[in-house]
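Structural overview
Listed below are the residues making up each chain.
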Amino acid sequence: MKNIILIGFMGVGKGSVAREVIKHSHYIAIDTDDLIESMENKTIKKVFAEDGEEHFRSLERKISQWLEKSVKNTLISTGGGFYKQKNIKDIGVIVLLDSPFDKIIKRIKTHPNAAKKLKKRPLLADLDEAKKLYDERLPEYKALADIVIDVTNKSALECAKELLKKVKKHV
Ligand code: S3P
């Protein structure tokens, strides 16, 4: 069984979908941002603020090499920029969670923990810049994806079920 790698823009719901997938399958999930926070013993926000984005990206690189060599049969949720890792295709089946930018922002803003969700993501501090990043990344996300799930107006459970159904053909 291959790994499943969840990619997609910040706030699209990768974590929520991963939690539903593990409830409804035998997969165990890991998250690249969680790994970085444990490695550095600080939040992603602090890594960006104290050590800079370049350091953060170098940690993503280290994780991508470890994933390729050592991780099997796992659902891997990733930070929104992790897809740039050169070996991503060698890690597993790539599933893109897709939704228009305004829907993603609405999803974050209407979440009960909205302030926290925005605060922990340095690249969402300026929404005009975030929109530019989204427009730049969307075609790259789509080009990489083996499977695309449109998550707009769907619950995490619905997305997880769709993922498990579609992924059967690839693992
Ligand atoms: C980033 C997305 C974040 C986190 C970091 C950088 C990005 O993860 O990895 O703030 O470059 O898009 P989420 O996609 O889980 O918000």
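Scroll up a little and you will see the structure.
Below: a short report on this structure. Note that the structure is a prediction, hence the values are computed from the model and not measured. (Residues numbered from 1 in each chain as written. Predicted model: local features only at pLDDT ≥ 70, side-chain atom pairs only at ≥ 80, totals over all residues. Heavy atoms only, no water.)

Here's the deal with the pairing of strand β3 (residues 74-77)
Heads up, the rule is: Remark: exposure states derive from per-residue accessible area (1.4 Å probe, protein chains only) relative to the maximum for the residue type, with buried under 20%, exposed over 50%, and partly exposed in between. For helices the rule is a DSSP run of H or I covering at least 4 residues; for strands it is a run of E covering at least 2, with both sets numbered from the N terminus onward. Here the rule is simple: two strands pair whenever DSSP picks up at least two bridges between them.
Neither face of β3 is open: one carries Thr-74 and Ile-76, the other Leu-75 and Ser-77, and all of them are buried. Relative to β3, strand β1 (residues 3-7) is paired through three bridges, and the arrangement is parallel. What sits directly across from Leu-6, in β3, is Ser-77. Here four bridges tie strand β2 (residues 28-31) to β3, and the two strands are oriented parallel to one another. Residue pairing in the sheet places Ile-28 in a bridge with Thr-74 of β3.

Considering the site of the ligand
Applied cut-off: Near, as used in this document, describes a residue that has one of its heavy atoms within 4 Å of the molecule or strand being considered. The term polar contact refers here to a pair of N or O atoms within 3.5 Å; inside protein, the definition further demands a hydrogen-donor-capable atom paired with an acceptor-capable atom, and it admits residues adjacent in sequence only when both atoms are side-chain atoms. Surface accessibility in these figures is a Shrake-Rupley result with a 1.4 Å probe; residues are shielded only by whichever protein chains are displayed. Each residue receives one of three labels: charged for Asp, Glu, Lys and Arg, nonpolar for Ala, Val, Leu, Ile, Met, Phe, Trp, Tyr, Cys and Pro, and polar for the others, Gly being one of them.
Around the ligand sit 14 residues, and of these Lys-14, Asp-33, Arg-57, Arg-121 and Arg-137 come closest. Within the side chain of Lys-14, an N or O atom sits 2.6 Å from an oxygen atom of the ligand. In isolation the ligand has 390 Å² of accessible area, and contact with the protein removes 94% of it. Those elements that place two or more of their residues in the shell around the ligand are α3 (44-51) and α4 (53-70). Of the residues assigned to the shell around the ligand, the class counts are six nonpolar, three polar and five charged.

Looking at the side chain of Asp-98
For clarity, the cut-off: Between two residues, a contact is recorded if the distance between any of their heavy atoms is within 4.5 Å.
Mapped onto the elements, Asp-98 comes out in strand β4 (residues 92-98). The exposure class assigned to Asp-98 is buried, which follows from its relative accessible area of 14%. Excluding residues within four positions of it along the chain, Asp-98 makes contact with Val-12, Tyr-134, Leu-138, Lys-142, Val-148, Ile-149, Asp-150, Val-151 and Thr-152.

Regarding the sheet that holds strand β5 (residues 147-150)
Formally: Axis lines are fitted through C-alpha atoms, for helices just across the contact stretch, and the angle between N-to-C directions can take any value from 0 to 180 degrees.
Taken in spatial order, the five strands make up an open sheet running β2-β3-β1-β4-β5, and their pairing is parallel. Where the open sheet ends on each side, the last strands, each with one partner, are β2 and β5. The sheet shows a mean angle of 25° between the axes of neighbouring strands, taken without regard to direction. Here helix α9 (residues 156-167) sits on the sheet and contacts β1, β4 and β5; the angle it forms with β5, its principal contact strand, is near 160°.

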